[in-house]
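Architecture and fold: a report
Each chain is listed here by its residues.
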Amino acid sequence: MADLASLSDAIAELVHDGDVVALEGFTHLIPVAAGHEIIRQGRRDLTLVRMTPDIVYDQLIGAGCARKLIFSWGGNPGVGSLHRFRDAVQHGWPVPLEIEEHSHAGMANRYVAGASGLPFAVLRGYLGTDLPNVTDTIKPITCPFTGETLTAVPAINPDVAIVHAQRADRAGNVQMWGLVGVQKEAVLAARGSLVTVEEVVDELEPVPGGMVLPSWAVDLVAEVPGGAHPSYAQGYSERDNAYYAAWDPISRDRGEFERWVERVRSGDEVRT
Amino acid sequence: MADLASLSDAIAELVHDGDVVALEGFTHLIPVAAGHEIIRQGRRDLTLVRMTPDIVYDQLIGAGCARKLIFSWGGNPGVGSLHRFRDAVQHGWPVPLEIEEHSHAGMANRYVAGASGLPFAVLRGYLGTDLPNVTDTIKPITCPFTGETLTAVPAINPDVAIVHAQRADRAGNVQMWGLVGVQKEAVLAARGSLVTVEEVVDELEPVPGGMVLPSWAVDLVAEVPGGAHPSYAQGYSERDNAYYAAWDPISRDRGEFERWVERVRSGDEVRT
Amino acid sequence: MTAHDYTADEMMSVAAARALSGGQRCFVGIGLPSTAANLARRTHAPDLVLIYESGTLGSKPDRLPASIGDGILAETADAVISVPEVFNYWLQPGRIDVGFLGAAQLDKFGNINTTVIGDDYANPKVRLPGAGGAPEIAANCHEVYVVVRQSKRSFVDQVDFVTSFGHGRGNGERDRLGLRGAGPTLVITDLGVFRPDPDSHELVLTGVHPGVTVEQVREATGWELRVADDVATTPAPTSDELAVLRALKEAS
Amino acid sequence: MTAHDYTADEMMSVAAARALSGGQRCFVGIGLPSTAANLARRTHAPDLVLIYESGTLGSKPDRLPASIGDGILAETADAVISVPEVFNYWLQPGRIDVGFLGAAQLDKFGNINTTVIGDDYANPKVRLPGAGGAPEIAANCHEVYVVVRQSKRSFVDQVDFVTSFGHGRGNGERDRLGLRGAGPTLVITDLGVFRPDPDSHELVLTGVHPGVTVEQVREATGWELRVADDVATTPAPTSDELAVLRALKEAS
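Residues numbered from 1 in each chain as written. Chains lettered and ligands numbered in written order. Predicted model: local features only at pLDDT ≥ 70, side-chain atom pairs only at ≥ 80, totals over all residues. Heavy atoms only, no water.

Thoughts on the interface of chain D and chain A
Definition in use: Whether two residues are in contact is decided by their heavy atoms: any pair within 4.5 Å suffices. Reported buried area values correspond to the accessible surface (1.4 Å probe) lost by two parts on association, with both partners' losses combined. Whenever a carboxyl oxygen of Asp or Glu lies within 4 Å of a side-chain nitrogen of Lys or Arg, that contact is scored as a salt bridge. Strands here are runs of E lasting at least two residues and helices are runs of H or I lasting at least four, both read from the DSSP assignment and numbered beginning at the N terminus. Charged means Asp, Glu, Lys or Arg here, nonpolar means Ala, Val, Leu, Ile, Met, Phe, Trp, Tyr, Cys or Pro, and polar covers whatever is left, Gly included.
At the junction of the two partners, chain D supplies 43 residues and chain A supplies 42 residues. Between chain D and chain A, the buried area comes to about 3300 Å², and carbon and sulfur atoms account for 61% of it. The three residues of chain D that bury the most area against chain A are Y121, R127 and P129 of chain D, which together make up 19% of that side's buried surface. At the boundary of chain D with chain A, the tally comes to one salt bridge. Counting only elements with at least two residues in the side of chain D that touches chain A, the list comes to α3 (71–75), α4 (83–91), β9 (126–127) and α5 (134–140) of chain D. Ranked by the residues each element gives to the side of chain D that touches chain A, the list is headed by α4 of chain D, at four residues. Each residue belonging to the side of chain D that touches chain A can be placed in one class, and the counts come to 20 nonpolar, 15 polar and eight charged.

Overview of the domain arrangement of chain A
Applied cut-off: Domain ranges listed in this record stem from an automatic or a database domain assignment.
If you check the domain split of chain A, you get domain 1 (3–102 + 157–265) and domain 2 (120–154). Relative placement of domain 1 of chain A and domain 2 of chain A: their C-alpha centres are 29 Å apart.

Focus: the interface of chain B and chain C
A common way to state how big an interface is: give the accessible area lost once the parts meet. Taken together, the contacts link 42 residues of chain B with 43 residues of chain C. Taken over both partners, the interface formed by chain B and chain C buries close to 3300 Å², and the fraction arising from carbon and sulfur atoms is 61%. Summed over the three residues of chain B that lose the most area to chain C, namely R124, L127 and L179 of chain B, the buried surface amounts to 18% of that side. The tally of links from chain B across to chain C stands at one salt bridge. A salt bridge links E101 of chain B to R127 of chain C; the nearest nitrogen and oxygen atoms lie 2.5 Å apart. Contributing elements (two or more residues each) for the side of chain B that touches chain C: α4 (83–91), β5 (98–101), α5 (104–115) and α6 (131–134) of chain B.

Thoughts on a negative patch on the surface
Formally: The patches described consist of residues with a relative accessible area above 30% and no salt bridge, like charges being joined within 9 Å and nonpolar side chains (Val, Leu, Ile, Met, Phe, Trp, Tyr) within 5 Å. Working definition of accessibility: Shrake-Rupley area with a 1.4 Å probe, residue cover restricted to the visible protein chains. Positive: Lys, Arg. Negative: Asp, Glu. His and the chain ends are not part of the count. The location of each charge is read from NZ of Lys, CZ of Arg, CG of Asp or CD of Glu.
On the surface, D3, D9, E13 and D219 of chain A cluster together into a patch of negative charge. Take D3 of chain A: it is sitting in strand β1 (residues 3–4).

Focus on the sheet that holds strand β7 (residues 139–142) of chain B
Residue and element names in this part refer to chain B. Definition in use: Strand pairing is assigned whenever DSSP identifies at least 2 bridges connecting the two strands. A fitted line through C-alpha atoms represents every axis, and for helices the fit uses only the stretch in contact; the resulting angles, taken between N-to-C directions, go from 0 to 180 degrees.
What the three strands build is an open sheet, ordered β6-β8-β7; its pairing is antiparallel. Taken across any chain shown, the strands that pair with only one partner, and hence form the sheet edges, are β6 (120–123) and β7. Strand-to-strand twist across the sheet, computed as the mean angle between neighbouring axes with direction ignored, equals 45°. The pairing of β7 with strand β8 (residues 149–154) spans four bridges and is classified as antiparallel. Its bridge partner lying in β8, P140 is registered against T151. Packing against the sheet, α5 makes contact with β6 and β8, and its axis sits at approximately 140° to β6.

A closer look at unusual backbone geometry
The step from H229 of chain A to P230 of chain A runs through a cis peptide bond, and the omega angle for that step is 10°. The topology assignment puts P230 of chain A in the loop between β13 (220–223) and α8 (241–252). Each neighbour pair has its own omega, and for W93 of chain B with P94 of chain B the value is 0°, a cis peptide bond. Among the structural elements, P94 of chain B can be located in the loop between α4 and β5. Within the chain, Y126 of chain A stands out as a residue other than glycine whose phi angle is a positive 70°. Structurally, Y126 of chain A can be placed in the loop between β6 (120–123) and α6 (131–134).

Quick word on the pairing of strand β13 (residues 220–223) of chain B
Residue and element names in this part refer to chain B. For strand β1 (residues 3–4) and β13, the ladder comprises two bridges, and the chain directions are parallel. Bridging from a neighbouring strand, L4 pairs with V221 of β13. Examined bridge by bridge, strand β11 (residues 192–201) and β13 share four bridges and lie parallel to one another. What sits directly across from L194, in β13, is L220.

Side note on the sheet that holds strand β7 (residues 139–142) of chain A
Residues and elements named next belong to chain A. Strand order in the open sheet formed by three strands is β6-β8-β7, with antiparallel pairing between adjacent strands. The open sheet terminates on both sides in strands that have one partner only, identified here as β6 and β7. Here the average twist between neighbouring strands, direction ignored, is 45°. One ladder, built from four bridges, connects β6 with strand β8 (residues 149–154); its direction is antiparallel.

Side note on the environment of P230 of chain B
Residue and element names in this part refer to chain B. Put simply, the test is: Note on classification: 1.4 Å probe, protein chains only; a residue is buried when its accessible area is under 20% of the maximum for its type, exposed when over 50%, partly exposed between these limits.
Looking at P230, the relative accessible area reads 1%, which means it is buried. Distance in space between the C-alpha atoms of P230 and A33 is 9.6 Å, their sequence separation being 197 residues. Setting aside residues up to four positions removed in sequence, P230 forms contacts with V32, I55, R239, D240, Y243 and Y244.

This is how it looks when you write it as structure tokens:
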């Protein structure tokens, strides 16, 4: 059964140097506060996994937490590039960043395989593209019935998955709704999991479009109101589009960025 | 976009002699009225597909509509055996019935592959059992990354899938909730589809646990209140356990059964 | 309380219920397993997590479900999911502690047959319902408990058809196949309790229910039965267990 | 209305919107494609079905979504599903009529690059966002429309990296690969309209926007441009189209 924990205790317990870590969230419900706590605790050599690395991954990469990124689309949505990500890939600053690059369909299916206890997934993907030339986790596979050739990708089973949800009850059952992305799959694929939630409630009222992750499928739950900021939690908050825009100049400049990191490390980073 | 049709027109349009037909429903929302209409229209040589063939398949088989059954569990749930199914398998009455037998996990994944436009699915299944000795649609497959051997099953893509749902709007968008079994997968795997619904409404109010199949993923919608009887439609009706029990003596006796079929053909079969 | 206060079926359900403990995740087959699992949840194991193949996680019915898809399983569940999801995301990766199964035929090595009686699959003596979820439940749960009424016909040397793999022909065959779970570790019948020998994996009688003799069990076993050095006698059902069991059955 | 009443970007969005027709299922990339698709739905194609890779089927936003996961896409959708489901159950089997994509680089055969600029993947001149959903959108939709601002740098003879396969090196390579959809059948830029030659699959200029000359298009094309015998001139945006487009943008 999931235990309730503080965010700092949860990160200290679950995230270790060198771990494979997935913070998932498809624009909605991104566990940004958890990412900042990882920066604060100074984790190193992480393999970060995410379909859509956006600014929280830019921050983790810029802060030197990662040695590798497994992903399918990296950007500051609606704004532009991730400059810390680019700087790490193109100039190895502050540390070199290895990348393993897929498509969304490939990444989604890698999580599905991970959640399903299978070593690989099959899809109609990548055909004709240059991705198999640069990514060795894309291989052909033959249908044993029709002889047709399709594409296989290996399961992702992170050491820890972190997601944000609207709420949990005191027993640690987690409820989320709206765009749920690949969060369930990430949690089920991972060996350990942390869910940050907007609030812990006595009882989870059913919600249209709601999904429940039972307590016994989650390791730790931390109550972190606003923990998805600047992304949003449907029913709780709006996306802070200004923050995304404001990130661009910080991200472009190493000095600006280092001052930002200092503020996070000292706990001064204002959340809203 | 889905068209609204009467049940008899829908069956006439979609179900043809020799078709592969899946009437799905995992105890809940079984499209029984549609099955009776197939009997009434005298379809022959159908390949019937269903994870859990129960009394409506016993009826279709007894009425001589089927030449083959693809399934994973056949019985009268909570009561006992399907005697028309047994009679067809063991004595070829009224016509011989070929069977292709899987496990639930295998059948569910065959539908998933069908819905996904893939020729096969992979699972951890059947290992050590006698099923691969009698069913040739179960084959080993090797993971191209780990070398591990798993099991492959081919996609099911029925000519037509028929399911029952709580309601649809006038545009043909379908809404169902409660135990949804493998209904979405069956509809998406099929070349044609019919959804019978308890009622057609102006607007689909969101419901906790509800799932919507967009109009453009469905061919025909027929309003058939009570169309799942003796199974149930959560929010609309209760399961008629007495009907299941009453089926047993009818099913045991060819004469009793033939009188039952006569009543269905003449339209006299009382629904509730 | 005397032996006449409860039936052999009731003793079996009570003994099976007792084998479950709180907090376990239990994948429940309909019929005898469901009766026992619900009894456990209503007595000593209130936080037992019941998972049904119809797609319910954490069902908490207050009566016995009439079928695997009884509405009460969905209405009282923590989560209702699709059937593909229950098999792929929840059963297959080994998230379930105990798979709780019935059997039409069970053999000496815990293999289960629910497919056909008779040697010829194409022309069976009796056509049974088939596999359902059992093969993958038996493969992927950490362990499997089987509840079955015992007779020479149901308790056989070798099943006519291996629907769900137990220990194969024993002696580690299960490990060699690479199956994840430990397979059948406990068999409970209306006469007694059996566990596989740790090496040969042959089922050994380790307990008898009150009033049942080892000789009676032998008579109802279709192979030369091995008997443990110490055969325990199952404590009779308590009045509380019987009351809850009967209330569950009456309510449905 | 004169050429000064609208921008080249507005002309591009209007032209792209017009290419869509009612009832079509359109898989919409964020940015220019999303602008055009929403404009179409708010003008001549009210029953256009918009599908976003964040897992929304039939979104009906009344403003332009700020991102692929804008809450308004979920709140106005017929159905909200998981990301694996949108790719596996809806895109992959070929249920979508039109995949509507942008591009950082597009080549003569409609191949799209959104990965790296430069010849060396490991040490790129510019690191772009990557593939996202585009490779499978390009592979599995019945056809693909590309909307892109045109320049010699974005309109190249051969992309540095094939992120999403268009027609490969042409002459039926797409068919030979066994891809299901027809691939890019239409490219709309801020200067004009291109369609692949039916045999060679090389992009051919078939239309120019008002006030744009073929020579200007040639100048902004990184290969020796083929021009159709009849080059149409795109009708200028109507005041209604412009009003709706601007209202959509203002609201977001």
